[in-house]
Each structure stands twice: as C-alpha cells, then as structure tokens.
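# Results of the structural survey
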Amino acid sequence: MPQIDQIMSTYGSQFFWLVITFGLIYFVIGRSMLPKIQGTVDQRKAKVAGDLAAARAAHARADEIEEEYRLAHAKARDAALAVTAEAKAKGAREAEVKVREADVGIASHLADAEAAIAAQQAAALTEIEAVAVEAAQDIIARLTPAKITKPQVNRAVKGALTDA
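First things first, this report covers the structure right here in the doc. (Residues numbered from 1 in each chain as written. Predicted model: local features only at pLDDT ≥ 70, side-chain atom pairs only at ≥ 80, totals over all residues. Heavy atoms only, no water.)

## Side note on the overall build of the chain
Along the chain, the regular secondary structure elements total two helices and zero strands. Whereas a compact globule of 164 residues would reach a radius of gyration of roughly 15 Å, the chain reaches 63 Å, over 25% beyond that. Judged by the C-alpha coordinates and their principal axes, the chain covers about 195 × 30 × 20 Å. Looking at the 164 residues of the chain, the share that counts as buried comes to 2%. Looking at the chain as shown, the accessible area adds up to about 14100 Å², and 66% of this sits on carbon and sulfur atoms. Separation of charge centres in the chain, based on 20 positive and 21 negative side chains, amounts to 7 Å. (Helix = DSSP H or I, 4+ residues; strand = E, 2+ residues; numbered from the N terminus. Rg over C-alpha atoms; globule rule 2.2 N^0.38 Å. Buried < 20%, exposed > 50% of the residue type's maximum accessible area, 1.4 Å probe, protein only. Areas by Shrake-Rupley, 256 points an atom, 1.4 Å probe, with all protein chains shown as cover. Lys, Arg positive; Asp, Glu negative; His and termini not counted. Charge placed at Lys NZ, Arg CZ, Asp CG, Glu CD.)

Right, here's the structure in full:
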C-alpha cells in the first residue's frame, strides 16, 4: 500500500532521530545528572542520619544531666533535712537549758518567798503573843483583884498557844 510506504519513508527518519534524541537525553541525564542528584540525596540522607545520631546523643546526655540533677537535688534535700533536724534539736536543747534555769530561778524565788512568809508568820505570832499577854493581864486586872506579873502571864499564854 502506498500510504503505508509513505508513512515509513517520511516517519522512518523521524523515528530514527527520536530514538537518538531520547538515547542522548537518557545518557546525559543518566550519566551526568543522575549521579549528582544521587550524591545530593546520599549527602542529605547522611546529614539526616548524623542529625538523628546527634539528637540521640543529646537526648542521652540530657537524661544523664537530669539524673545528676535529681541526685544533687536529693542530696541537697537530705542535707537541708539534716540541718533542720539539727536546728530543731539545738533549739530543744537550748529551750531545755532555759527551762532548767527558769526552774532554778523560780525555786530560788519560792524559797525566798517561803522564808519571808515564815519570818512574817513568826513576827505575827510574836505580836499576837504580846497582844494576848497584854489582853490577858488587862482582863485579869479588871476581873480579879489579884496581881499577876507579866512573866507569869507570858508563860500561861505560851502554854496555851503551844497546846492549840
């Protein structure tokens, strides 16, 4: 058929140049551009892998630092608790010493007060005795004509006070 022969003769050379052009493009891209692209992809992959390794190392170091911080924090807390306990114990000892000193002072004041009370009581008894002697002598003088001396009345009043 003549139409088919014409297609082959007209388009045959175009097919030939099409194959050569695609072959050239394939070899240019495949041999020169593809290795550059592959190198860039490999370089990028290596950089990402390096960054991931650095991130893992940084994460591990951060975990180590956090553990060190926790240990330091625990030591500091224990030290603070020890200082607090020592301060409480010292305060308790000081308070105990002050209480003992206050007890000694109170006991001293109490002894002084008891001595003062005893002295006042003795003075009051002496005054009561003197008043009783005078009153007894005055009563005897008014009721009876007998004369009684002061030492006799004094002995009688002392005897009556010691019996009571």
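Still more ground to cover, so stick around.
## Observations regarding the packing of aromatic side chains
Applying the stated criterion across every chain, the model contains two aromatic pairs. Considering the side-chain rings of F16 and W17, the 5.3 Å spacing of their centres and the 75° angle between planes classify their relative orientation as edge-to-face. Note on Y26 and F27: the rings are 5.6 Å apart at their centroids and 70° apart in plane angle, and the pair reads as edge-to-face. Assessed through its relative accessible area of 59%, Y26 is described here as exposed. The class of F27 is partly exposed, set by a relative accessible area of 47%. (Phe/Tyr/Trp six-rings, centres within 6.5 Å; stacked < 30°, edge-to-face > 60°.)

## Structural notes on the pattern of salt bridges
For the structure on display, the rule yields eight salt bridges. Of the charged contacts in the structure, one is a salt bridge between E68 and R61, with a shortest N-O distance of 3.9 Å. The class of E68 is partly exposed, set by a relative accessible area of 46%. When the shortest N-O distance is used, the salt bridge between D138 and R142 registers 3.7 Å. Here D138 and its partner R142 are both found in helix 1 (residues 2-143), four residues apart, which amounts to about one turn of the helix. (Salt bridge = Lys/Arg side-chain N within 4 Å of Asp/Glu carboxyl O.)

## Considerations on the environment of E101
Within the element layout of this structure, E101 appears in helix 1. Along the primary structure E101 and L125 are separated by 24 residues, whereas in three dimensions their C-alpha atoms are 36 Å apart.

Honestly, it's all geometry; don't read function into it.
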